[in-house]
Amino acid sequence: QQASTAAELSDGLAMSEALFQIEPSVFTPSWFAGILKSDQTNTDNLTVILNMLLHFYRHNLSDVCTSGELPIPEIPAGCQELGSEMIARFLKLMLGVAVTCSNKLLFISKIQSLDETTQHALTACVASFI
């Protein structure tokens, strides 16, 4: 699923698919299928995704969790669409998963193949909390 706006990302489907592709040993096929088949609200889907992201960080990057630097998104109750700041926090957490997961060399090499400005922006983003 392609999504490029905060509104399109707010249902959590594209983010869950990306996480499944990034680290399927944590964001498993059954986890992803559960979100796809769910008739839960956007808020519930985003909460499931956030909980799994935090689980990844607690088990793989516990120092980051205790530093207080983790950009944890706030999901307002009954929210149908997250603002761009909260979507950005989800994307930052996802980027952190990509550069620390078992396939990190693949994702780091993809980042290194981007233009220099984008590389620096992504590196600064990750460095801000990892």
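In what follows, the accompanying structure is described. Source: prediction; values computed, not measured. (Residues numbered from 1 in each chain as written. Predicted model: local features only at pLDDT ≥ 70, side-chain atom pairs only at ≥ 80, totals over all residues. Heavy atoms only, no water.)

**Topic: the side chain of Asn42**
Position of Asn42 relative to the elements: it lies in helix H4 (residues 42-60). Under the relative-accessibility criterion, Asn42 is labelled buried at 15%. Setting aside residues up to four positions removed in sequence, Asn42 forms contacts with Ser10, Asp11, Cys79 and Gln80. (Helix = DSSP H or I, 4+ residues; strand = E, 2+ residues; numbered from the N terminus. Buried < 20%, exposed > 50% of the residue type's maximum accessible area, 1.4 Å probe, protein only. Contact = heavy atoms within 4.5 Å.)

**Some remarks on the nonpolar core**
Phe27, Leu53, Phe56, Tyr57, Phe90 and Val97 are the most contacted members of the largest nonpolar core, which totals 33 residues. The set of elements that each furnish at least two residues to this core consists of helix H2 (13-22), helix H3 (29-37), H4 and helix H6 (84-98). Once residues lying within four places of it in the same chain are set aside, the contact partners of Val97 are Ile22, Glu23, Phe27, Leu53, Phe56 and Tyr57. In terms of nonpolar packing, the next biggest core, distinct from the first, is built from 5 residues, Val99, Ile111, Cys125 and Val126 among them. (Core = buried A, V, L, I, M, F, W, Y, C linked by side-chain atoms within 4.5 Å.)

**Quick look at the layout of surface pockets**
In this structure, the largest pocket occupies an estimated 380 Å³ of space. Around the largest pocket, the lining comprises 15 residues; the ones closest to its centre are Ala14, Ala18, Ile22, Leu91 and Met94. Of all the secondary structure elements, the ones that give two or more residues to the lining of the largest pocket are H2, H6 and helix H7 (104-112). When residues in the lining of the largest pocket are grouped by element, the largest group, 6 residues, is from H2. Its residues assigned to classes, the lining of the largest pocket comprises 10 nonpolar, 3 polar and 2 charged. (1 Å grid on protein atoms, 1.4 Å probe; cavity = no way out; pocket = protein on both sides within 12 Å on 5 of 7 lines; lining within 4 Å. Points joined across faces, edges and corners; volume = space filled by probe spheres on them. Nonpolar A, V, L, I, M, F, W, Y, C, P; charged D, E, K, R; others polar.)

**As for the packing of H2 against H6**
Contact pair H2 / H6: the axes reach a minimum separation of 10 Å and the direction vectors enclose 10°. It follows from the interaxial angle that H2 and H6 lie roughly parallel. For the pair H2 and H6, the contacting residues are Met15, Ala18, Leu19 and Ile22 in the first and Ile87, Phe90, Leu91, Met94, Val97 and Ala98 in the second. Classifying every residue of the contact of H2 with H6 gives 10 nonpolar, no polar and no charged. (Axes fitted to C-alpha atoms, helices over the stretch in contact; angles between N-to-C directions. Parallel < 35°, antiparallel > 145°, perpendicular 65-115°, else oblique.)

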